[in-house]
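# Structural characterization, general
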Amino acid sequence: MATTSEIAPDNPPPLHVLVVGGGPSGLATAIAVSLAGHRATVFEATPPRYPLQGSGVITCPNGARLLSRWGLEEGPDHWHRHVPIEHWQLCNRLGAPLGPDLITSGTGGGGDDERGEEGGNNNISSSDSDHGTSIPTHKTKAPPPWAWKRGDLVAKLRQRAIKLGATVHLGTRVTDVRHEEGSGDGAGGVRIRLHGGEEHRGDLAVVAQGTHSRLRNTLLDQPLEPVATGYTAFRMDVSQSGIVNPSPKLVAFMDGPPSVRTWVGQGSYVTVHPMDKAGLLSLLVLVPGALQQHNEDIIPQGKLIRYLKGWDDMIYSMLDAADAQKEWTATHLPALPEPRHSPQGTSVLVGDAANTMSHFLSQGLSLDLEDAATLGCLLGHVRNAAQVPAATALYSRIRNERAQRLRDMTAVFESQLRATPSDGFVNGAEGLGPEGELRSSFGWSYDAYAEAEKAFNSDPF
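Residues numbered from 1 in each chain as written. Predicted model: local features only at pLDDT ≥ 70, side-chain atom pairs only at ≥ 80, totals over all residues. Heavy atoms only, no water.

The name an unreviewed UniProt entry assigns to the chain is Monooxygenase, from the organism Apiospora saccharicola. Reading the Sequence similarities (unreviewed entry) entry of the UniProt record for the chain gives the comment "Belongs to the paxM FAD-dependent monooxygenase family." Its UniProt record gives the chain the following Pathway (unreviewed entry) comment, quoted word for word: "Secondary metabolite biosynthesis." (UniProt positions renumbered as here; feature names shortened; annotations may be inferred.)

The subject of this paragraph is the overall build of the chain. Looking only at helices and strands, one finds 13 helices and 19 strands in the chain. Expressed as a percentage of its 461 residues, the buried residues of the chain come to 58%. Considering only residue pairs separated by 6 or more positions, the chain has 73% of its internal contacts joining residues 24 or more positions apart. Summed over its atoms, the accessible surface of the chain is roughly 18500 Å², and 50% of this surface lies on carbon and sulfur atoms. (Helix = DSSP H or I, 4+ residues; strand = E, 2+ residues; numbered from the N terminus. Buried < 20%, exposed > 50% of the residue type's maximum accessible area, 1.4 Å probe, protein only. Contact = heavy atoms within 4.5 Å. Areas by Shrake-Rupley, 256 points an atom, 1.4 Å probe, with all protein chains shown as cover.)

To continue, consider the pairing of strand β1 (residues 16–20). Counting buried positions along β1 gives five out of five residues, so the element sits mostly inside the fold. Here β1 runs beside strand β2 (residues 39–44); their pairing, made up of five bridges, is parallel. Its bridge partner lying in β2, Leu18 is registered against Thr41. Between β1 and its parallel partner β2, the chain crosses via helix α1 (residues 24–35), and the hand of that crossover is right-handed. The pairing of β1 with strand β13 (residues 204–207) spans four bridges and is classified as parallel. Directly across from Val19, in β13, lies its bridge partner Val206. (Pairing = 2+ DSSP bridges. Right-handed = clockwise from strand over helix to strand, strands pointing away.)

With 52 residues, the main nonpolar core has Leu67, Trp70 and Leu379 as its most contacted residues. Sequence-distant contacts of Leu379, that is, excluding residues within four places in its chain, are made with Leu15, Val17, Val33, Ala36, His38, Leu204 and Ala391. (Core = buried A, V, L, I, M, F, W, Y, C linked by side-chain atoms within 4.5 Å.)

With that out of the way, let us pick up the environment of Leu283. Looking at the element boundaries, Leu283 is found in strand β17 (residues 280–288). Given the relative accessible area of 0%, Leu283 is considered buried. Sequence separation of Leu283 and Ala322 is 39 residues, and the distance between their C-alpha atoms is 8.5 Å. Those residues within four positions of Leu283 in sequence are excluded, and the remaining contacts are Phe234, Arg235, Met236, Val238, Val270, Thr271, Val272, Met318 and Leu319.

Here strand β3 (residues 56–59) runs beside strand β8 (residues 146–149); their pairing, made up of four bridges, is antiparallel. From the neighbouring strand, Thr59 faces β8, where its bridge partner is Trp146. Sheet topology note: the strand β4 (residues 83–84)/β8 ladder contains two bridges and is antiparallel. Bridged to Pro84 within β8 is Trp146.

Take the sheet that holds β3 next. As summarised here, the arrangement of the three strands in space is β3-β8-β4, forming an open sheet in which the pairing is antiparallel. Of all strands in the sheet, those with a lone pairing partner are β3 and β4, marking the two edges.

On to the side chain of Ser34. Relative to the helices and strands, Ser34 resides in helix α1. The exposure class of Ser34 is buried, given its relative accessible area of 12%.

Moving on to the pattern of salt bridges. Enumeration over the complete set of coordinates arrives at 16 salt bridges. The closest approach of N and O atoms between Asp371 and Arg340, which form a salt bridge, is 3.3 Å. Taken together, the residues Asp371 in helix α10 (residues 364–379) and Arg340 in the loop between β18 (322–332) and β19 (347–349) connect sequence positions 31 residues apart. Where Glu370 meets Arg399, a salt bridge forms, and the shortest distance between an N and an O atom there is 3.0 Å. Of this pair, Glu370 sits in helix α10 while Arg399 sits in helix α11 (residues 388–418), placing them 29 residues apart in sequence. Here Glu370 and Arg399 have matching classes, each one buried. (Salt bridge = Lys/Arg side-chain N within 4 Å of Asp/Glu carboxyl O.)

Looking now at the sheet that holds strand β12 (residues 199–202). The three strands lie next to each other as β10-β11-β12, forming an open sheet whose pairing is antiparallel. Looking at which strands have only one partner, the edges of the open sheet turn out to be β10 (174–180) and β12. Between one strand axis and the next, the sheet turns by 20° as a mean value, whatever way the strands run. (Axes fitted to C-alpha atoms, helices over the stretch in contact; angles between N-to-C directions.)

Attention shifts here to the packing of aromatic side chains. What the rule picks out here adds up to seven aromatic pairs. Plain terms: the ring middles of Tyr231 and Phe360 are 5.4 Å apart, the flat faces sit at 75° to each other, and that makes the pair edge-to-face. Within this pair, whereas Tyr231 is found in strand β14 (residues 227–239), its partner Phe360 is found in the loop between α9 (352–355) and α10, the two being separated by 129 residues in sequence. With 5.0 Å between their ring centres and 75° between their planes, Phe456 and Phe461 make a pair best called edge-to-face. Overall, Phe461 belongs to the partly exposed group, its relative accessible area being 25%. In this structure an aromatic cluster arises from ring pairing among Tyr231, Tyr269, Phe360 and Phe413. Across the ring face of Trp328, the terminal group of Lys326 is positioned such that the distance to the ring centre comes to 5.2 Å. The cationic tip of Arg402 hangs over the ring face of Tyr446; the distance from NZ or CZ to the ring centre is 3.8 Å. (Phe/Tyr/Trp six-rings, centres within 6.5 Å; stacked < 30°, edge-to-face > 60°. Lys NZ or Arg CZ within 6 Å of the ring centre and 35° of its normal.)

Before going further, it helps to spend a moment on α10. Here α10 is 16 residues long and its end C-alpha atoms lie 23 Å apart, about the 22 Å a rise of 1.5 Å per residue gives. Extensive coverage of α10 is indicated by the burial of 15 of its 16 residues. (Expected span 1.5 Å × (residues − 1).)

Viewed as axis vectors pointing N to C, α1 and α10 meet at an angle of 25°, and their least axial separation amounts to 8 Å. What the angle tells us is that α1 and α10 run roughly parallel. The two elements α1 and α10 cross, and the hand of that crossing is right-handed. Of the residues in α10, those touching α1 at Pro24, Ser25, Ala28, Thr29, Ala32 and Val33 are Leu365, Asp368, Leu369, Ala372, Ala373, Leu375, Gly376 and Leu379. Here the contact of α1 with α10 is built from residues that sort into ten nonpolar, three polar and one charged. (Parallel < 35°, antiparallel > 145°, perpendicular 65-115°, else oblique. Left-handed = near helix turned anticlockwise from the far one by under 90°. Nonpolar A, V, L, I, M, F, W, Y, C, P; charged D, E, K, R; others polar.)

Here it is in structure tokens:
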């Protein structure tokens, strides 16, 4: 059932929100806007016949809470389903735990009470286990982390957005977004132009094009480009059926409950998690600098096998069986200037177009979903188009503060990582400043709708 944060009182005329980008953040925005009682139209440049691809992605509990709230657990479609994560262990390069298991088995996420939508204590409480202090998911007010194949998540979000009344146009590239002055009542608007010259008018434009957005600089009226982090990233898909002679630890990992395993050491970072329920794993490796390919490398991941020599043999088993490899220079966006909306307040940035960060905290996708939820919640309070600039100004303030906090947490983790000896963090588990914050009310327990409501009640428009 929709809450007062999703439906504006007295059923005022709905806004028309134009969403530029049909990836997870754009489709999530369309869902949140539709639930707020407004009309959403999504423009995605990818052609209709282009297959939905992408590797594995993780939604932490703060993001899974939103997907659950939006109804992605509903329906008979079991193909595009998430994998609930039951364990998340941080290890040194040899595989020895550096701290507590972040979560343990448990369902979480059942009804509204479990999701924490109606208030209550959202902090994740701890309890003792054989592995030290652990986080029992059934005691949280959010679902556990969810793992997805990115293409499956996009398909599920698109399906849900359309069911809620959103229109999704594929193969339509937006080339320009510009403000339109309003009439005598002061209400303005926005107009977008497609590659072929066709134009569409709305009350608000949401730019969700990703890290390399072409419209970001136009919207902000100043240049802002991604910056290299100093790391090279490698992402690989690993089919369990293709693994030959797996290490005993890898056998236990594959046969056990769905889990995330992360290794750190020598300034590097490796993490693996399931992508689907059919046995496909997603492996991500971050190494400082660049790795050189040698002529004797028979397989593309040969340089990684050589670089990670002496690491947990579970990693070698997966590298040997990797089906595909994507290599890129990891980047992040500097802190956005205030605000993250256009000067007129009729266009805003969401998702990676505003928030691209290093991968270390696995918060990228969840942060994107929070953007959508925050914007949708605030638009639920808008009674006419003249209030849109006030809503986008409040959205900018909430999300810039949130993103900066996570950016600071990521920087702490990265500084620890760069200082790591071969066997883990300098101060062991106590050196992990972000680890504790991840489980706090500003980490995994963060509720985007509750925070938006709190901000609106303090500063209504």
